[in-house]
Amino acid sequence: MKTMSNRQVRTPGPREHDVAEHCRKFGIGPAEEKKLKKLLGSRAPLHEIQANAPPRQPRWR
């Protein structure tokens, strides 16, 4: 009997994210964006951006 490999191919996403794009997406102000860029640079891993960003603003209905 022939054995078949059942492994799935994983295509990893981008490891580095744009800090300015993240700030724009989550409504972070220009002062906080400047602090994040100074701390992390213009591109950083998502977990680093989220750990250093201020808490998200609530979305009121």
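Residues numbered from 1 in each chain as written. Predicted model: local features only at pLDDT ≥ 70, side-chain atom pairs only at ≥ 80, totals over all residues. Heavy atoms only, no water.

What to know about the overall build of the chain
In terms of regular secondary structure, the chain is built from three helices and two strands. Shown N-terminal to C-terminal, the secondary structure of the chain runs as helices and strands in the order β-α-α-β-α. A compact globule built from 61 residues should have a C-alpha radius of gyration of about 10 Å, whereas the chain, at 18 Å, is more than 25% larger. Buried residues in the chain amount to 16% of all 61 residues. Within the structure as shown, the chain displays about 6000 Å² of accessible surface, and the carbon and sulfur contribution to it stands at 52%. With 14 positive and 6 negative side-chain charges, the chain shows a separation of 7 Å between the mean positions of the two kinds. (Helix = DSSP H or I, 4+ residues; strand = E, 2+ residues; numbered from the N terminus. Rg over C-alpha atoms; globule rule 2.2 N^0.38 Å. Buried < 20%, exposed > 50% of the residue type's maximum accessible area, 1.4 Å probe, protein only. Areas by Shrake-Rupley, 256 points an atom, 1.4 Å probe, with all protein chains shown as cover. Lys, Arg positive; Asp, Glu negative; His and termini not counted. Charge placed at Lys NZ, Arg CZ, Asp CG, Glu CD.)

A few points about the nonpolar core
Val19, Cys23, Ile28, Leu36, Leu40, Ala44, Ile49 and Ala53 form the largest nonpolar core, which has eight residues in total. Of all elements in the fold, only helix 1 (19-26) and helix 2 (30-40) reach the threshold of two or more residues within this core. (Core = buried A, V, L, I, M, F, W, Y, C linked by side-chain atoms within 4.5 Å.)

Considerations on the side chain of His22
Along the chain, the position of His22 falls in helix 1. Not counting residues within four places of it along the chain, the set of residues in contact with His22 comprises Ile28, Leu46, Ile49 and Gln50. (Contact = heavy atoms within 4.5 Å.)

Some points on the confidence of the model for the chain
Put simply, the chain has an average pLDDT of 87, and 98% of its residues get 70 or more. Here helix 3 (residues 46-52) is the element of the chain with the lowest mean pLDDT, 93, and helix 2 is the one with the highest, 95. (pLDDT = per-residue confidence, 0-100.)

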